[in-house]
Amino acid sequence: MSAVRLYVWQRLTAVLMVPLIAVHLIVIIYATNRGLSAAEILGRTQGSVAWGLFYSLFVAAASIHGAIGVRGVAREWLGWRETALNRLMWIFGVVLLVLGLRAVFAVVVP
Amino acid sequence: MSTTAEATIDVRVWRGGEEGEYQSFAVPRRDSQTVLDVVTWIQRHADPTLAYRFACRVGVCGSCAMTVNGRPRWTCRTHVSKVVEDGRLEIGPLANLPVIRDLAADMTPFFEKWQKAEGTFVPSRTRHEPLESISPESAERQAADAAIECINCGVCYAACDTVRWNPEYFGPAALNRSWSLVNDVRDTANLQRLAAAASNGGCHNCHSHQSCEQLCPKGLNPTASIAGLKRRTMQAYIRGEIA
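Residues numbered from 1 in each chain as written. Chains lettered and ligands numbered in written order. Predicted model: local features only at pLDDT ≥ 70, side-chain atom pairs only at ≥ 80, totals over all residues. Heavy atoms only, no water.

Undergrad: How should unusual backbone geometry be read in this particular structure?
TA: Negative phi is the rule for most residues except glycine; trans is the rule for most peptide bonds. Residues and elements named next belong to chain B. Although it is not a glycine, Arg-57 sits at a positive phi angle of roughly 70°. For Asn-152, which is not a glycine, the phi torsion comes out positive at approximately 60°. Relative to the assigned elements, Asn-152 resides in the loop between α4 (139–146) and α5 (155–159). (Helix = DSSP H or I, 4+ residues; strand = E, 2+ residues; numbered from the N terminus.)

Below, the structure written as structure tokens:
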């Protein structure tokens, strides 16, 4: 995978995550300030298409961004070869995606 | 000259190749003395077998760069008074390059990377055609000029952390050269050059630590050139011109 391709994907997902992270933080602050219980939170997220899409997009962007980042760290610190790096990137990305989507599924699907 | 007869500098100089050790010399302190003066004094008066490299002595040729008290410097234009610490100087060969002997580093990898980065001008006209007229005021020419004063001294290459941990990386000088040519409207090899800049050893390795910019004796900013290459390769990738 060419360096510029990885660069573009990592930068684009970073740009995408800036507003997503802002909303995510506001939601956390709101929920803790209002002292919402787990049941109350689930009451708002379950069945919500908007929250489902929001967090699915967030998970997808974070998985791509993080997987490329981990590939870069392994390249510089471990000196791995191209094939091993790409394998690591895909495995890490898919694991993040599955874990993240599972969490989204748990809070959104009634 | 108002030199105190006893005033000396405690100079430690690298002796040997990759393996070796620092050797101490007491060198007379002079007014307006450069680090190259110090090295030359040692070779002429203390040990004629000391190997080092220089040519012009006035900051034009770029051949006398060495590591001085831990930082790469062009020694002919570096005054002892600016770099001496507690009366001591430690002088070694440039870092990130193989050592030939003593203070002479092997510049081969440095120039090989210029080749890999497509750092050679590929003209659009032959010698039989009239010269292309380029206005020095044009934006393109000014962009090319910003990076053009490089003297190939290797200071940026020796200063670069990324070069140190990634032997594949072309380094600041080669990419700075590439950026100069990318902005040269007379050049015809930009796509190959951008492809090289986007390859594994290319501009995307840069962490923007800016040691190159801080230590470049010509005051150039290779980090900015590399950032320019990142932008230009991204545009070329999005247009589908490079993969």
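Undergrad: It is not clear to me how the layout of surface pockets should be interpreted in this structure. Could you clarify?
TA: By rolling a water-sized probe across the atoms, one finds the places where empty space is left. Space inside the largest pocket adds up to approximately 480 Å³. Along the walls of the largest pocket sit 20 residues, with Gln-10, Gly-72, Arg-75 and Glu-76 of chain A together with His-204 of chain B positioned nearest its centre. Looking at the lining of the largest pocket, the elements that each hand over two or more residues are α1 (3–33) and α3 (49–77) of chain A. For the lining of the largest pocket, the element with the most residues is α3 of chain A, which contributes 8 residues. A per-class count over the lining of the largest pocket returns 8 nonpolar, 7 polar and 5 charged. In this model, the second largest pocket occupies a volume close to 360 Å³. Lining the second largest pocket we find 15 residues, and of these Val-27, Ala-31, Ile-41, Thr-45 and Tyr-55 of chain A sit closest to its centre. With 6 residues, α1 of chain A is the single largest residue contributor to the lining of the second largest pocket. Along the lines of polarity and charge, the residues of the lining of the second largest pocket split into 12 nonpolar, 2 polar and 1 charged. (1 Å grid on protein atoms, 1.4 Å probe; cavity = no way out; pocket = protein on both sides within 12 Å on 5 of 7 lines; lining within 4 Å. Points joined across faces, edges and corners; volume = space filled by probe spheres on them. Nonpolar A, V, L, I, M, F, W, Y, C, P; charged D, E, K, R; others polar.)

Undergrad: How do you make sense of the packing of helix α7 (residues 172–182) of chain B against helix α10 (residues 222–238) of chain B when you look at a structure like this?
TA: The angle between the axes and the distance between the axes are what describe a pair of packed helices. All names here are of chain B. Where α7 contacts α10, the axes come no closer than 8 Å and their chain directions differ by 55°. Considered as vectors, α7 and α10 are oriented oblique to each other. Between α7 and α10 lies a crossing of left-handed hand. Here Pro-172, Leu-175, Asn-176, Ser-178, Trp-179 and Val-182 of α7 lie close against α10, whose contacting residues are Pro-222, Ser-225, Ile-226, Gly-228, Leu-229, Arg-231 and Arg-232. (Axes fitted to C-alpha atoms, helices over the stretch in contact; angles between N-to-C directions. Parallel < 35°, antiparallel > 145°, perpendicular 65-115°, else oblique. Left-handed = near helix turned anticlockwise from the far one by under 90°. Contact = heavy atoms within 4.5 Å.)

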